Amino acid sequence: MKRNTTEIRADIEDKLKRYIESEKSLRITQKEVNARLAIAEETTNSAKLKAETETERTKMLEATIRSEMSRVKMRLKSYRAKREERLEEESLSTDCSSIGIS
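So, how was this worked out
- Residues numbered from 1 in each chain as written.
- Predicted model: local features only at pLDDT ≥ 70, side-chain atom pairs only at ≥ 80, totals over all residues.
- Heavy atoms only, no water.
- Helix = DSSP H or I, 4+ residues; strand = E, 2+ residues; numbered from the N terminus.
- Buried < 20%, exposed > 50% of the residue type's maximum accessible area, 1.4 Å probe, protein only.
- Areas by Shrake-Rupley, 256 points an atom, 1.4 Å probe, with all protein chains shown as cover.
- Patch = residues over 30% accessible without salt bridge, like charges linked within 9 Å, V, L, I, M, F, W, Y side chains within 5 Å.
- Salt bridge = Lys/Arg side-chain N within 4 Å of Asp/Glu carboxyl O.
- Lys, Arg positive; Asp, Glu negative; His and termini not counted.
- Charge placed at Lys NZ, Arg CZ, Asp CG, Glu CD.

(A) Main features of the overall build of the chain. Broken down by element type, the chain carries one helix and zero strands. Sorting the 102 residues of the chain into buried and exposed places 0% on the buried side. Surface summary for the chain: the accessible area is close to 10,000 Å², and the carbon and sulfur share equals 57%.

(B) Representation of a negative patch on the surface within the structure. Taken together, the side chains of Glu84, Glu85, Glu88, Glu89 and Glu90 present a region of like negative charge at the surface. Structurally, Glu85 can be placed in helix α1 (residues 5–98).

Keep in mind these numbers describe shape, not what the thing actually does.
Here it is as structure tokens:
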């Protein structure tokens, strides 16, 4: 059986329409993929920036803590030295008074 030209033309047009619809669908899908990829990259960059910021903040806090610890150690040394000096003076005055020297 021979198909007539109209049937062949209709068949070709139908296949062409489906192909065009398929291409449109693929373009839309590609756009969606690109949009999602851009969002993912933006999210990743944001997360990296946040992590870098947190790392810098942590380093600054660590430096501040080290500085405070150094100051506390210095004050403690000074306090201990003054206390030691005061104890020696008290000991000397006690020794002197016990032997009658004022």
